[in-house]
Each structure stands twice: as structure tokens, then as C-alpha cells.
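# Structural features, examined
If you want the building blocks of each chain, they are given just below.
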Amino acid sequence: MTSAADRAARWVRPAIQAMDGYAVADPGRAIKLDAMESPWAWPGALETAWLERMRKVAVNRYPDSRGRELKAALRSGLGIPEGAGILLGNGSDELIQLINLAVAGAGRNVLAPAPSFAMYRVIAELTGSGYAEFELDDDFGLDPAAAAAALAEHQPAVTYLAHPNNPTGNGLDLDAVAELAAGADGVVVVDEAYAAYAEASFLPRVLELPNVLVLRTLSKVGLAGLRVGVLIGAPAWIKELDKCRLPYNVGSLAQASASFAMEHAEALERSVQAVRTERHRLAGELAAVPGVEWVGPSQTNFLTFRVTASPAPQLHAALRERGVLIKCLDGSHPRLAGCLRVTVGRPDENDAFLKALRASLPSG
Ligand SMILES: *Cc1c(COP(=O)(O)O)cnc(C)c1O
């Protein structure tokens, strides 16, 4: 009889065995500023009302497979254009997987700019899709020539554009997005995970082109634990993609919580505003720290910055030692050498980060 390890090695598909898997850092007791979570969920007064709402959810029943109540709440809450279809996902990651299952897969390519969201590659690999990249320009914006060349070379079934972009924080020029989509034969997904913090959205234009879908999530505005992603596009696309969705992919507690959140959008907006205010303060203080060479412009709830005074991985470890977890980007892309990414937290958390940073840099 062979061991479980032998059996797994024999039967798990080689493409899966070759994957690294997505490593999520264990925060332990550290201040967690690595994953773009909001530091706030429900403000105190709303928590009781939310719990009351949860009591009414019949968890012995399956959730509404079509998510009707939540979709109606999202239509007004997010300003979804009339006539657009909606698909709900267990986070937007699941929707990316679902798009690849339906549209990409073996023998087809997925395209994304570099550097961009790490999950585009992971989910392409997971779905057996080919994966190709094109470089962003010097300011991490879209380079139309590089994009056009990549479209011609790879003929992608799906192109993912994160606007604003993770891990660089900048927004994309939406006319350049439209131009890219007009030149693409396959579907173009504008991933607006950070829409709440951005200056502009492609959502009002989603139906203007026949091949554009817009992706949203509640994860970056205080509801990461719910796992609710939202895909918006022409009904012809949504109808087909919906066939790849497992019938009960979004639980009833998540649906009810997300509906509740949409009804209290002004409370969410207040916490988004507070994060923006902190982002502005943090960016200013960070730029003034000796050894910090560059702080990228951000339309998100994080800041990407480059250090010269100390190697980024060492600095990352030193911050961890001092009880602050951020993300090291060094090594993920040549142009992110020396870069780290910090999520904007509560004022006291941001102060603790700044203090640990100053103490960890040689000049500090
Ligand atoms: C965080 C993030 C997501 C994933 O969001 P979930 O809805 O939590 O799965 C998608 N795209 C980008 C660009 C992100 O940064």
C-alpha cells in the first residue's frame, strides 16, 4: 500500500502540483496592515440593528440562489446602470474564477498588465488558462502601444484591468481603458475593487461597449469577511456566466448583511471618508521619513512606497518584529524592487506603523 503522499502525487493533476498556492500571512497578534481590510465594520449603533437582522435569517433554508433582495439593494447602492445584469460571487475572486471557467480555460489566454493583482495569474493557472502580461508605463498607467501589441500577440479571451491598480494604487485613464476594450476581441474586465476610494468609475459606461464587464466587491469597505463580489455587465454575458455559478455560492448571512450595508450606505461612506483622510495624513508623514524614497499616488485604501535606506524584505521583517504586519512587494516585479505596501488603518495603528518604521530604518 502506498502512502497518501504517493497517491496524491500520482493523482493530483500536474498543473496543480506545480502551483505554489496563495500564501496568506499569519498576523498573530500584529497590527494587521497587509490586506486592505478596513479598520472599521459597523459603527456601534448599527451593530445592534445588524444583529437583529441576522436573527431573522432562516439558516435552516438554502439562501436565495438568485440573490434578488441583495441585487435590488446593490442596484441603487452602487448606481448600477439600468438594463445591466448582475452576478453575485463569493468575493470577486470567485467571479474571476467563474469568468475564466466560462470564457478562458485550456487553449485560451488570460491577459493582465504588470505589475497588477497577483490572483489574476493564480486563477488563470487554476482554470488551465494561458497567462500573459504587458508592462504598465512609467507611472504604472496603461501603455496603449504595449497593450495593443499584447492583444495582437496573445488574442486573450479575457483581459483583467484593475482600476485603481493593486499593488500600485494609481487609477487608470478610463478613456485608455475604453480604447483598449475597443481594440480587444475578447472580454475586458474592469476590476474596481477600490471604487469607494477612487476618483472615477467605469461602471456608468459598462454597457457602452459589447465586451466590458465591471467587477466590484464589498471587501475593501469594511466587509471583507462577508465574501460578497458583484459582477456587472450586459445580460447576454451575465446569463452565460451564471451557468458556471454554483447555485448557493453566497450564503444567506452574507446576503442579508450586504443588503443591510446597502441600506446604511451613509455609514459605510463615513468610514471610507475617514480612511481617505488618514491616507492623506499617512502619505505625508511617510514621505517625510528619512530613507523613504517614493510614496505612490493612491486612489485606494493603501499606500505603496519605496525604501532605499534598507533592503525591503529586511525592513518588512523588522516591522513584523515590532508588531506591525504590512506587505513586501520586493521580488514580485522588477519595478517594485525596494517597495512595500501598507494598508491605511486607524489613526493609532498608522502611528504605530510610522513609529516602527522610523525605529527600523538605519537613520531612525
Ligand atoms: C482585493 C482585491 C480583489 C479581491 O476581492 P474579494 O472580493 O475579497 O475576493 C479583487 N481585485 C483586486 C484588484 C483586489 O485588490
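Model, not experiment: these values are computed from the prediction.

Around the ligand sit 13 residues, and of these S92, D191, T217, S219 and K220 come closest. Residue D93 places a main-chain N or O atom 3.0 Å away from an oxygen atom belonging to the ligand. One of the side-chain nitrogen or oxygen atoms of R227 is found 2.7 Å away from an oxygen atom of the ligand. For the ligand, whose free accessible area comes to 390 Å², the fraction covered by protein is 93%.

Turning our attention to unusual backbone geometry. Cis rather than trans, the peptide bond between A114 and P115 has omega equal to 0 degrees. Among the secondary structure elements, P115 is positioned in the loop between β3 (109–114) and α6 (119–126). The amide bond that connects H163 to the next residue, P164, takes the cis arrangement and shows omega of -10 degrees. The residue P164 is located in the loop between β5 (158–162) and α8 (174–182) in this model. With a phi close to 40 degrees, Q155 is a non-glycine residue in the positive phi region. Here Q155 falls in the exposed class, since its relative accessible area comes to 54%. Located in the positive-phi region is R227, a residue other than glycine, with phi close to 60 degrees. Along the chain, R227 falls in the loop between β7 (212–217) and β8 (229–233).

Procedures and definitions
Residues numbered from 1 in each chain as written. Predicted model: local features only at pLDDT ≥ 70, side-chain atom pairs only at ≥ 80, totals over all residues. Heavy atoms only, no water. Near = heavy atom within 4 Å. Polar contact = N/O pair within 3.5 Å; in protein donor to acceptor, adjacent residues only side chain to side chain. Areas by Shrake-Rupley, 256 points an atom, 1.4 Å probe, with all protein chains shown as cover. Helix = DSSP H or I, 4+ residues; strand = E, 2+ residues; numbered from the N terminus. Buried < 20%, exposed > 50% of the residue type's maximum accessible area, 1.4 Å probe, protein only.

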